Amino acid sequence: LGVEVVAGPLLTSDAQAEDLAAEFRRQDVDVMIFHYVTFPLGSMTPLLAQRVGVPVILWSIPEPPFDGGRIKANSFCASNMNAHALRKLRHPYSFVYGTPESIGAALASQLRVAACMKRLRQTRIGVVGSRVPGFYTSCFNEMALRRTLGVEIVYIDLLEVVRTAEQLSPAAVAKAKAHITGSVDRYDCVSAEHLDKGARLYGALSALKETKRVDGFAVKCWPEFGDLYGIAVCAIVGQLTEAGLLASCEGDVYGAVAMVILEELSGAAPFYCDLIAFEEENNVGIGWHCGAAPVSLCAQGCQKELGRHPVMDGGNVKGVTHNFPLRGGPVTFSQLGEDEDGKYRFLIASGEGLATKQMLPGNPLRIRFDVPLSQLTETIIEGGYSHHYTVGYAPLKAELTQLCRWLGMTPVVLG
């Protein structure tokens, strides 16, 4: 975790706090850590918090042994007092407790959340088309998203994507095709025409990243691409995600934002999926999507293949999709969305990705959840959650919960 530290002096007065607030604003800091070496004036922390306007981490150290004299630090009580003030001010804060040697992991976790917030404020998602027909689960509130998370939306018409694809130079098409085919083990079941169209789309969206200055995409992947352009775009979406252009399917903006969050916090490409089936005797749920998983998530020992879409035009007609099962490991199953009152909530369920066979075309992943399946499914159905989920390859419960607290979202934590 790359962190630049802007150190302030030991504060003993509001005047010093005012000066430090001005310096922190000048340095454009993203988070402040208040280390209470003793009990301070109660006015300095709220002053800094409001003047600088970034999240605050309160750090208390253990009290030195009592020897019959006066209390030496009273550090925890200092955090206690200032947490009360920040809560009343509705200012985002968190807490770490321990010596400098013992707080490293907890502090790093919270700094990752601060880095994630900064990335969100700088993120522009390109909406390619709109949501797909009938998928109200892909509806979103553009201004609430910008107000709460800082994410900006850029609209890109499907016609512009296709025209950009058609106008790519032969050299650009060849480069994109080499990239797509070179990242898999097999592509012989996809026609040359469909490979060419897929390469053109990959090149077009990569070019539009630069001209539109976007950091990811929410792609309306059907019906127009299949009906009018002639191919499925699943593999292209997966290839974009692999390249760091986090891309969701079916025009799901919140899904794309969740992918950005999980990639930032875990350092690995995420998996965007549906929850389609259960192995109740093993407390296992199966996440799957048509073939848009990034290739780095392929299970060890399995072939990465380019294939034809399992459903489009009756199935096994049009490329281009990814076919491979996903690798195992600790995972966080999640969803960013709105509750019925319009407020944001984040579903967070921990689990373990298990060895998965190619049980159906596309990208399956078996997940053994840390909570009973009945609790998971009841939460999903009773809470009216969307059918789209984002899986991060790391245990992220603490970070996602902290992110929700700092951004004013509701964490719904299972497990």
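Residues numbered from 1 in each chain as written. Predicted model: local features only at pLDDT ≥ 70, side-chain atom pairs only at ≥ 80, totals over all residues. Heavy atoms only, no water.

(A) Geometry of helix α1 (residues 14-27). If you check α1, its first and last C-alpha atoms are 20 Å apart, about what 14 residues at 1.5 Å a residue would give, namely 20 Å. What α1 keeps buried is the set Ala17, Leu20, Ala21 and Phe24. On an axial view of α1, the arc spanned by its buried residues comes to 110°, and they lie on one face. Facing away from the buried side of α1, by more than 90 degrees, are the exposed residues Ala15, Asp19 and Arg26. Buried-residue contacts for α1 involve β1 (32-36) and α2 (44-52). Positive phi shows up at Asp28, right after α1, with a value of about 55°. (Helix = DSSP H or I, 4+ residues; strand = E, 2+ residues; numbered from the N terminus. Expected span 1.5 Å × (residues − 1). Buried < 20%, exposed > 50% of the residue type's maximum accessible area, 1.4 Å probe, protein only. Arc of directions from axis to C-beta. Contact = heavy atoms within 4.5 Å.)

(B) Layout of the sheet that holds strand β5 (residues 152-156). Ordered in space as β5-β4-β6-β7, the four strands form an open sheet in which the pairing is parallel. Looking along the sheet, the strands with just one partner apiece sit at the ends: β5 and β7 (246-248). Averaged over all pairs of adjacent strands, the angle between strand axes in this sheet comes to 20°, irrespective of strand direction. Pairing analysis gives five bridges linking strand β4 (residues 124-128) to β5, with the strands arranged parallel. Bridge pairing in β5 links Arg124 to Glu152. The sheet contacts of helix α8 (residues 192-212) involve β4, β5 and β6 (216-219), and relative to β5 the element is tilted by about 125°. (Pairing = 2+ DSSP bridges. Axes fitted to C-alpha atoms, helices over the stretch in contact; angles between N-to-C directions.)

(C) Region of interest: the packing of aromatic side chains. Scanning the entire structure with this criterion turns up nine aromatic pairs. Taking the centre distance of 5.5 Å and the plane angle of 80° together, the rings of Phe135 and Trp222 count as edge-to-face. Remark: Trp222 occurs in the loop between β6 and α9 (224-229) and Phe135 occurs in the loop between β4 and α5 (142-149); sequence separation between them is 87 residues. Given a relative accessible area of 18%, Phe135 falls into the buried group. When the centroid spacing of 5.4 Å and the interplanar angle of 90° are considered together, the rings of Tyr254 and Tyr344 count as edge-to-face. Remark: Tyr344 occurs in strand β13 (residues 344-354) and Tyr254 occurs in helix α11 (residues 253-266); sequence separation between them is 90 residues. Feature note: the residues Phe76, Phe95 and Tyr97 constitute an aromatic cluster, connected by ring pairs. Across from the ring centre of Tyr393, 4.4 Å away, lies the NZ or CZ of Arg327, which sits over that ring. Residue placement shows Arg345 over the ring face of Tyr385; its charged tip is 3.6 Å from the ring centre. (Phe/Tyr/Trp six-rings, centres within 6.5 Å; stacked < 30°, edge-to-face > 60°. Lys NZ or Arg CZ within 6 Å of the ring centre and 35° of its normal.)

(D) Structural view of the side chain of Lys318. Residue placement: Lys318 occurs in the loop between β10 (305-308) and β11 (319-323). On the basis of relative accessible area, Lys318 is assigned to the buried category, the value being 13%. Of note is the side chain of Lys318, whose polar atom sits 2.7 Å from the backbone oxygen of Gly226. If near-sequence neighbours (up to four positions away) are discounted, Lys318 is found in contact with His194, Gly226, Asp227, Gly230, Ile231, Ala232, Arg308, His309, Met312 and Asp313. (Polar contact = N/O pair within 3.5 Å; in protein donor to acceptor, adjacent residues only side chain to side chain.)

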